[in-house]
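So the chains spell out like this:
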Amino acid sequence: MKVLVLDSSALIQGFSPAELAYTVGAVLAELRDELTRLRVESQAASGMINIREPDEHYVALVAEEARRRGEGASLSVADAALLSLAIQLKDEGLEPVVASDDYAVQNMAEHLGLQYRSLAVGGIRKRFRWVTYCPGCRRVFEEAPPDGVCPVCGTALKRRPSDGVRVR
Ligand SMILES: [Zn+2]
């Protein structure tokens, strides 16, 4: 069964009530707008949204993958918990689709073999290219070194979308 796993951008923009939806408590805590939070709380109370926390095993799995991919810094605690829950739901036999407009979440979903979709008006954005760069010496790498560490200065490498737009 297909289910949606919603991040804060999806909760803010709203979603089709035809689909069973999940999120995690940390995402709710990220909602700063009072009206949005009240709406989501009432959707949770009526069973439209299931709020569930992922098991530690899945949290550890996503944290390890994020670290390996150099996404640790761009992924919030809430995002990581959300992706962890999505993997858990998949293990439980559901077909989770991560609904998020966040590049880092979409990219990690891709790495983790999860389906995802954007809510952006104007259709689904294609997966974009990343460049790997060193926050220490500012070098840019076409091919990311496998250990995720700058071979010149030893700083942990980061990535950003290749168009130069900062996601956060
Ligand atoms: Zn460097």
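The shown structure was predicted, so the numbers you read here are calculated from the model rather than taken from an experiment.

Undergrad: Can you help me understand unusual backbone geometry in this one?
TA: Glycine aside, a negative phi is what most residues show, and trans is what most peptide bonds show. Even without glycine at this site, Arg 138 takes up a positive phi of about 70 degrees. Looking at where Arg 138 falls in the secondary structure, it is placed in the loop between strand E6 (130-133) and strand E7 (140-141). The exposed category is assigned to Arg 138, around which 10 C-beta atoms lie within 10 Å.

Undergrad: Before we go on, may I ask you to explain the pairing of strand E1 (residues 2-6) in this structure?
TA: As paired strands, E1 and strand E4 (residues 95-99) are joined by five bridges and run parallel to one another. When the bridges of E4 are listed, Leu 4 appears paired with Val 97. With three bridges joining them, E1 and strand E2 (residues 20-23) adopt parallel strand pairing. Residue pairing for E2: Val 3 is matched across the bridge by Leu 20.

Rules of the game
- Residues numbered from 1 in each chain as written.
- Predicted model: local features only at pLDDT ≥ 70, side-chain atom pairs only at ≥ 80, totals over all residues.
- Helix = DSSP H or I, 4+ residues; strand = E, 2+ residues; numbered from the N terminus.
- Buried ≥ 20, exposed ≤ 12 C-beta atoms within 10 Å, placed from the backbone.
- Pairing = 2+ DSSP bridges.

In short, the description is geometric, and any link to function would need to be established separately.
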